[in-house]
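Here is how the chains run, residue by residue.
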Amino acid sequence: MSDPVKQRGNESRESPLPATSYAVRITLAGRVRGVGLRPFVNRLAREHDITGHVGYRDNKVDIVACGRPAAVRQFRQDLIRRAPPLSKPQIVRLDPIDTVAFGGFEIVDSTATGQAIDHVSADYTMCEDCRGEFRDQDNRRYAYPFTSCSQCGPRYTLTVQPTGERRDTSMSGFDMCADCSREYHDPCSRRFQWAAIGCPVCGPALSYTTAAGGEALTGRRAMAAAAVCLDKGGIVAVKCIGGYRLMCNAADADAIGRLRCGKRRPEKPLPVAFPYTGKDGLEMLRRTTLLHQFEAEALKSPARPVVLVRKRGNSDLADNIAPGLREVGVMLPESPILEGLLDAFGRPLVATSANDPGEPVLIDNDRAAEALGAVADAFLHHDRQIVRPVEDAVFRRIAGKIRPIRPGRGFVPLELDLPWRQDEPLLAIGGDEIGTIALSWDRRVVVTPYLGDMRRAASLDALAEAAADLQTMYGVSARRIACDANAEYRTHQWAMSQARLPVDTVWHHPAHASALTAEMALPGLWLVFVWDGDGRGEDGTMWGAEAMLGRSGSWHRMASLRPFRVTGGADGAHTEPWRSAAALKWECDEDWPDSPDEDGRERQAWEDGVGCVETSAAERVFDAASSLICGRIETSFPGQAPLLLEALCRQRKQPVYLSLARDAQGVLRSDWRPLLTMLADDERPLAERAERFHASLALSILQQARRIADEYPIDHVGLCGGVFHNRALTEQTVELLGRNNFSVHLPRQMPSSDAALSFGQAAEIAARGKFD
């Protein structure tokens, strides 16, 4: 497209306004594509009597505005102040130009020069305008399960190429009817050039089938049949925005038990979707849970995450939704598909992802029918392709803020800035257990949603696909790969197999620390406590309660917990918390009569050092405490033992003092031995022991921080690693550190868990050599 105006100069500052007419070229960057910005600019220009045009130029919005000086000034301010809710524009250039006589204001064709993409939009829930149409019986989109507009609906999961054009989405195979075509070409419509536009006449459609086969029902009959199946105690596999869900009545313990059996998920908490009821949609949720204001705001946000909230004592939810826990993951409908089903059913539904444990959620109709036929009684399919799978994002209120537990739908791709420039494009592939990858270039980092457990072949395949997809989508080709330094990680081995690219390794806990400090972007000396379940350290042992001093690119281990060795290898330690309890006892030369090691073989193996792992991980100490207090021998999902321990806590109790001393390498070690007597004291209530345990570890962190601060001028203290998803520990730790005048920070955009490792690896590589 030829430029219809001649630019007067490249200066970014505006010249003094002439008295009569004024023209300017405005360049917007940021979240500007696929969010209804061009129609908004068009309407705003007409409102202010501005002539000119608006269009995309690569990944930015190019605006030429001509009019009275005061009108142009107000127009420019309103571009930011009144921008559509899903957009986040920034004026990055403002150039005076020669005045040109335009006949009006128009939206012009896009131009592209092959630059990297700035932003790819996430998937959002139905906006209020669309909800009004969805519930209006006289509207042509009444109860249409794919209703959306430029201010809502799927983006990331239906985008093939992020051009914003319909032809580059999974809607390309649906020809628009005359009514949709008029909306699509009307600059004043909120569906102007909206790629996912459709209606019951021309758009995607639902189909309902039973697992046994038979006639397929379509349209509203399909939705009604699914609701009837659920009402009769059935399990329905429902294709939603990011993949299939397995759904059943949240009050039906028998149906939930069958779902758990079929999914091989015996105890892991299941999320519950609630109907949108009352003025703000939360009426039924409030009757079932104790909602905090921050939790309510998160639930109502356009991203519609799962939020962990406290159950009411008289809740109708079945006890086997979250066995042994006081909290349950809840959500409002994330799509008109789910909203319509919940409206028809009228009660909460279990809404868990349909996948094998640790693998990506299913997105293909035929594959879902094959894989889920043994657990689902029926299927609610649709015929719109899901381009890439995305699971729900999960959040929890911790230390006064809503914080991410898992990255997912509505928040991904997560686009972050680095405080330091990446010397060349980098692909960081994170760790094994909670897989994400990150693409980094210049000062940008883009992080994928949760991809699965990389110890599963299907998840590793998903990682390879996501790595290629991410680079294609953003138009950036990685020239290096970063991975965890642990050569036993599948991600490490995958990175080393990519022969065409050089590989940089990053140790596990420095990556965690750098994820936090890069997100905070605060200068100075940091002391970051990285507490998690495992992660190999530079000495070859498993770390996991580390106090790291320094800054990104240069970390030093200053403190940890007293190490111990556990039998059963890494896998046995993860799934059998009794092994950690026995290890602490044996380390102190104490017997444990309640140990499952009845024949003494495990203790002999421990004494001989056969099949043992040496660890200082905080999560293994939590496992030990859970086994000693709760009698937990085995677990069925990661982190279960610490979750059960935290669920016992009601108030804060007097801590047990843990001695602190340097080891032979100069690392400060907090000794957990004084805890053992209290943990095993059956005369004390379970809750009291759990509360004192949490208080003791919080105090040990303060003790370490004080000792290190005596020697180094610490500017900031950080808390990260999966253990700090524990509210009881984290809030006590934050309060203690704050009362002692430490400036304390926790992640806000990335989870504390291993999901942040890819971002931390990218940050660590970018920072290396910057502070020498």
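Keep in mind it's a predicted model, so treat the numbers as computed, not measured.

Trainee: I'm lost on the overall build of the protein in this one. Help?
Mentor: From N to C terminus, the protein includes 22 helices and 30 strands. For 772 residues, the compact-globule formula gives about 28 Å, and the C-alpha radius of gyration of the protein, at 28 Å, lands near that figure. Dimensions of the protein, computed from the C-alpha atoms along their principal axes, are close to 90 × 70 × 50 Å. Across the 772 residues in the protein, those meeting the buried criterion constitute 60%. Considering only contacts in the protein between residues 6 or more positions apart, those separated by 24 or more positions represent 71%. Of the roughly 29900 Å² that the protein leaves accessible, carbon and sulfur atoms contribute 47%.

Trainee: Can you walk me through the sheet that holds strand S21 (residues 503-506) in this structure?
Mentor: The pairing of strands in a sheet comes from backbone hydrogen bonds and takes either a parallel or an antiparallel form. The sheet built from four strands is open, its strands ordered S19-S18-S20-S21 with mixed pairing. The sheet is open, and its two borders are formed by strand S19 (438-447) and S21, each paired with just one other strand. Strand-to-strand, the axes of this sheet are offset by a mean angle of 55°, without reference to chain direction. Where strand S18 (residues 414-428) meets strand S20 (residues 480-484), three bridges bridge the pair, whose relative direction is parallel. When the bridges of S20 are listed, alanine 428 appears paired with alanine 482. On the sheet, helix H11 (residues 457-474) packs against S18 and S19 and is oriented at approximately 135° with respect to S19. Across the sheet, helix H13 (residues 508-520) lies against S18, S20 and S21, angled at about 130° from S18, the strand it touches most.

Trainee: Please clarify how the sheet that holds strand S2 (residues 51-57) should be interpreted in this entry.
Mentor: Across the sheet, five strands lie side by side as S4-S1-S3-S2-S5; this open sheet has mixed pairing. What marks the edges here is a single partner per strand, and that holds for strand S4 (88-96) and strand S5 (105-107). Pairs of neighbouring strands in the sheet enclose a mean axial angle of 20°, with direction left out of account. By the bridge criterion, eight bridges tie strand S1 (residues 22-31) to S4 in an arrangement that is antiparallel. Among the inter-strand pairings, arginine 25 is bridged to a residue of S4, identified as aspartate 95. Its contacts with the sheet place helix H1 (residues 37-47) against S1, S2, strand S3 (60-67), S4 and S5, and it is angled at close to 175° to S5. Relative to the sheet, helix H2 (residues 69-81) contacts S1, S3 and S4, its axis offset from that of S1 by approximately 0°.

Trainee: What is the right way to look at empty space enclosed by the protein in this model?
Mentor: To find leftover empty space, one rolls a probe the size of a water molecule over the atoms. The tally for this structure, following the rule as stated, stands at eight cavities of 30 Å³ or more. Around the largest cavity, the lining is made up of 26 residues, and of these Arg33, Gly34, Val35, Gly164 and Trp194 lie nearest the centre. In terms of residue class, the lining of the largest cavity is built from twelve nonpolar, eleven polar and three charged.

Trainee: Where do I start with the nonpolar core in this structure?
Mentor: Considering soluble globular proteins, one finds that nonpolar side chains tend to be buried as a cluster. Ranked by internal contacts, the top residues of the largest apolar core, which has 60 residues, are Leu527, Phe529, Trp531, Leu675, Phe693 and Ile708. No other element matches helix H20 (residues 686-709), which puts nine residues into this core. Setting aside chain neighbours within four positions, we find leucine 675 in contact with Val656, Leu658, Phe693, Ser696 and Leu697.

Trainee: For this particular structure, what's the right way to read the pattern of salt bridges?
Mentor: Oppositely charged side chains are able to pair whenever their charged atoms sit close together. For the structure on display, the rule yields 59 salt bridges. The shortest N-O distance in the salt bridge between arginine 191 and glutamate 133 comes to 2.6 Å. Here the residue arginine 191 occupies a position in the loop between helix H4 (178-184) and strand S6 (206-210), and glutamate 133 occupies one in helix H3 (residues 128-135), the gap between them amounting to 58 residues. For glutamate 133, a relative accessible area of 13% corresponds to the buried category. Glutamate 590 is the salt-bridge partner of lysine 585, the closest N and O atoms lying 3.4 Å from each other. Classification of glutamate 590 by relative accessible area gives partly exposed; the value is 25%.

Trainee: Can you help me understand the environment of alanine 468 in this one?
Mentor: By the element assignment, alanine 468 lies in helix H11. Under the relative-accessibility criterion, alanine 468 is labelled partly exposed at 43%. Sequence separation between alanine 468 and alanine 478 is ten residues, and the spatial gap between their C-alpha atoms is 9.7 Å.

Trainee: Which parts of the structure should I look at to understand the packing of H20 against helix H21 (residues 727-739)?
Mentor: Relative orientation and spacing of two packed helices are given, respectively, by the angle between their axes and the distance between those axes. The interhelical angle for the contact between H20 and H21, taken along N-to-C directions, is 35°, at an axis separation of 9 Å. Crossing hand, H20 versus H21: right-handed. Facing His694, Ala695, Leu697, Ala698, Leu699, Ile701, Leu702 and Ala705 of H20, the residues of H21 in contact are Ala728, Leu729, Gln732, Thr733, Leu736 and Leu737.

Trainee: In this structure, what is going on with the pairing of strand S13 (residues 327-331)? I would like to understand it.
Mentor: For a regular strand, side-chain orientation follows a simple rule: the groups alternate between the two sheet faces. Taken across its five residues, S13 has five buried, putting it largely inside the fold. Across the two faces of S13 the burial is the same, with Glu327, Gly329 and Met331 and Val328 and Val330 all buried. Here four bridges tie strand S12 (residues 306-311) to S13, and the two strands are oriented antiparallel to one another. Looking across to S13, one finds that valine 307 is bridged to valine 330.

Trainee: Just to check I follow, could you spell out helix H16 (residues 601-608) for this structure?
Mentor: Quick reminder: α-helices carry 3.6 residues per turn. Residues three or four places apart thus point the same way. Of the residues making up H16, those classed as buried are Arg603, Ala605 and Trp606. All buried residues of H16 lie within an arc of 160° about the axis, which places them on one face of the element. Check the buried side of H16 and you find it contacts strand S25 (564-567), helix H15 (578-587) and strand S26 (612-615).

Trainee: Can you walk me through the packing of H13 against helix H22 (residues 757-767) in this structure?
Mentor: Look at H13 against H22: their axes get within 7 Å of each other, and the N-to-C directions meet at 80°. Between H13 and H22, the angle falls in the class roughly perpendicular. Between H13 and H22, the residues in contact are His508, Pro510, Ala511, His512, Ser514, Ala515, Ala518 and Glu519 and Leu757, Phe759, Gly760, Gln761, Ala763 and Glu764, respectively. Each residue belonging to the contact of H13 with H22 can be placed in one class, and the counts come to seven nonpolar, five polar and two charged.

Trainee: Quick question: what am I supposed to make of unusual backbone geometry here?
Mentor: A negative phi angle characterises most non-glycine residues, just as the trans form characterises most peptide bonds. Cis geometry is adopted by the peptide bond preceding proline 413, which originates at valine 412 and carries an omega value of 0°. Among the structural elements, proline 413 can be located in the loop between strand S17 (401-406) and S18.

The rules behind each value
Residues numbered from 1 in each chain as written. Predicted model: local features only at pLDDT ≥ 70, side-chain atom pairs only at ≥ 80, totals over all residues. Heavy atoms only, no water. Helix = DSSP H or I, 4+ residues; strand = E, 2+ residues; numbered from the N terminus. Rg over C-alpha atoms; globule rule 2.2 N^0.38 Å. Buried < 20%, exposed > 50% of the residue type's maximum accessible area, 1.4 Å probe, protein only. Contact = heavy atoms within 4.5 Å. Areas by Shrake-Rupley, 256 points an atom, 1.4 Å probe, with all protein chains shown as cover. Pairing = 2+ DSSP bridges. Axes fitted to C-alpha atoms, helices over the stretch in contact; angles between N-to-C directions. 1 Å grid on protein atoms, 1.4 Å probe; cavity = no way out; pocket = protein on both sides within 12 Å on 5 of 7 lines; lining within 4 Å. Points joined across faces, edges and corners; volume = space filled by probe spheres on them. Nonpolar A, V, L, I, M, F, W, Y, C, P; charged D, E, K, R; others polar. Core = buried A, V, L, I, M, F, W, Y, C linked by side-chain atoms within 4.5 Å. Salt bridge = Lys/Arg side-chain N within 4 Å of Asp/Glu carboxyl O. Left-handed = near helix turned anticlockwise from the far one by under 90°. Arc of directions from axis to C-beta. Parallel < 35°, antiparallel > 145°, perpendicular 65-115°, else oblique.

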